[in-house]
Amino acid sequence: MIKEKELQEFRPQIRYQDGQDITLQAIQSLLQGEAQQAGIPIAFRLDQVRGGLFGGAEDCLVLYHPEHQKDYFSVAVRIKRQGNYAFVSAESFGTSKLIKAEAVRKQFNAAAKEGIHYRGYNPLENAAAGAAIVGAGIAGVRHLIKGKSDKEKMEAEQQWYTIICDMLDTVIS
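Heads up: these notes are all about the structure in this document. Note that the structure is a prediction, hence the values are computed from the model and not measured.

## Some thoughts on the sheet that holds strand β6 (residues 85–93)
Strand order in the open sheet formed by six strands is β1-β3-β4-β5-β6-β2, and the pairing between neighbours is mixed. In the strand order of this sheet, the two ends are held by β1 (2–3) and β2 (8–16), each with one partner. Two elements, β1 and strand β3 (residues 43–51), share two bridges in a ladder whose sense is parallel. If you follow Ile2 over to β3, its bridge partner there is Val49.

Right, dumping it as structure tokens:
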């Protein structure tokens with residue numbers, strides 16, 4: 001079950017004036033073909049989004065990287081109908097450890113430009129930089145120190161998202 005408040009727009013909503021034939025199964029089938037053609041791994045599951053004013057549930061198709069189900073963002077594709085119209089949206093949810101770490105790395109770099117050093121660092125000496133370190137957590141700080149391999153992993157993750165965007169644009173545009 002996915003909470004509606006956790007969803008963020010991944011691709012703009014597309015509307016179909018004659019949308020009776022638009023289904024989650026049809027979208028999944030088309031995306032599987034696109035993924036195979038692109039040569040990328042992708043997995044699907046059916047789930048529900050719960051939320052809204054009355055807390056109702058709505059079916060969705062979840063796309064995710066099969067090797068990174070817990071550490072990449074997932075994408076929920078939903079179809080809302082009104083009359084003959086179908087409105088298809090793609091929204092991201094979940095967490096990305098590497099992208100979160102990159103945001104913290106940028107904070108570290110900005111603080112370093114101001115002359116703040118992190119070796120033997122006491123977070124109480126500088127509140128802004130301390131908040132960045134505490135916010136990242138000890139695991140996040142260790143994660144940042146790994147260097148080049150994390151950068152390559154993050155680039156691969158971002159490239160996967162780019163390909164997913166292209167596939168969605170092809171399938172639901």
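Don't stop here, the text continues.
## Quick notes on the nonpolar core
With 27 residues, the main nonpolar core has Ile27, Leu63, Val77, Ile164 and Leu168 as its most contacted residues. Of all the secondary structure elements, the ones that give two or more residues to this core are β2, α1 (24–38), β4 (56–64), β5 (74–82), β6 and α4 (148–171). Those residues in contact with Val77 that lie beyond four places of it in its chain are Leu24, Ile27, Cys60, Leu61, Leu63, Val88, Ser89, Ala90 and Leu168. Within the second largest apolar cluster, nine residues are counted, among which are Ala43, Val62, Tyr64 and Phe93.

## Some points on α1
The end-to-end C-alpha separation of α1 is 21 Å, in line with the 21 Å expected for 15 residues at 1.5 Å each. The set of residues buried in α1 consists of Leu24, Ile27, Leu31 and Ala35. Burial along α1 is one-sided: seen end-on, the buried residues are contained in an arc of 70°. Exposed and facing more than 90 degrees away from the buried side of α1 are Gln25, Gln36 and Gln37. Looking one or two residues past α1, Gly39 carries a phi angle of roughly 75°, positive in sign.

## Some details on the environment of Gln48
Counting through the fold element by element, Gln48 comes out in strand β3. Spatially, the C-alpha atoms of Gln48 and Met1 are 5.2 Å apart, while their sequence positions differ by 47 residues. Looking at Gln48, its side chain comes within polar contact range of the side chain of Asp59, at 3.0 Å.

## A closer look at the side chain of Asp47
Tracing the chain through its elements places Asp47 in strand β3. Among the polar contacts made by the side chain of Asp47, one reaches the main-chain amide nitrogen of Met1 at a distance of 3.1 Å. A polar side-chain atom of Asp47 sits 3.3 Å from a polar atom in the side chain of Arg45. Those residues in contact with Asp47 that sit more than four places away from it in its chain are Met1, Ile2, Glu58, Asp59, Cys60 and Val62.

## Structural notes on the packing of aromatic side chains
Under the defined criterion, the tally for this structure stands at five aromatic pairs. Considering the side-chain rings of Trp160 and Tyr161, the 5.8 Å spacing of their centres and the 70° angle between planes classify their relative orientation as edge-to-face. Accessibility assignment for this pair places Trp160 and Tyr161 in one class, buried.

## Brief notes about the environment of His68
Tracing the sequence through the fold places His68 in the loop between β4 and β5. Taking the relative accessible area as the measure of exposure, His68 reaches 24% and is therefore partly exposed. Remark: the alpha-carbon pair of His68 and Ser96, spanning 28 residues in sequence, is separated by 9.3 Å. Polar side-chain contacts of His68 include one of 3.2 Å to the side chain of Asp71.

## Describing the pattern of salt bridges
A side chain with one charge may pair with a side chain of the opposite charge, provided their charged atoms come close. In total, this model carries five salt bridges according to the counting rule given. Among the salt bridges present, the one from Arg11 reaches Asp169, with a minimum N-O distance of 2.8 Å. Of this pair, Arg11 sits in strand β2 while Asp169 sits in helix α4; the two residues are 158 residues apart in sequence, bridging distant segments of the chain. Given the relative accessible area of 22%, Arg11 is considered partly exposed. Judged by its relative accessible area of 31%, Asp169 is partly exposed. For Glu91, the salt bridge identified is with Arg78, shortest N-O distance 2.9 Å. Taken together, the positions of Glu91 in strand β6 and Arg78 in strand β5 put the pair 13 residues apart, joining distant regions of the chain.

Procedures and definitions
- Residues numbered from 1 in each chain as written.
- Predicted model: local features only at pLDDT ≥ 70, side-chain atom pairs only at ≥ 80, totals over all residues.
- Heavy atoms only, no water.
- Pairing = 2+ DSSP bridges.
- Helix = DSSP H or I, 4+ residues; strand = E, 2+ residues; numbered from the N terminus.
- Core = buried A, V, L, I, M, F, W, Y, C linked by side-chain atoms within 4.5 Å.
- Buried < 20%, exposed > 50% of the residue type's maximum accessible area, 1.4 Å probe, protein only.
- Contact = heavy atoms within 4.5 Å.
- Expected span 1.5 Å × (residues − 1).
- Arc of directions from axis to C-beta.
- Polar contact = N/O pair within 3.5 Å; in protein donor to acceptor, adjacent residues only side chain to side chain.
- Phe/Tyr/Trp six-rings, centres within 6.5 Å; stacked < 30°, edge-to-face > 60°.
- Salt bridge = Lys/Arg side-chain N within 4 Å of Asp/Glu carboxyl O.

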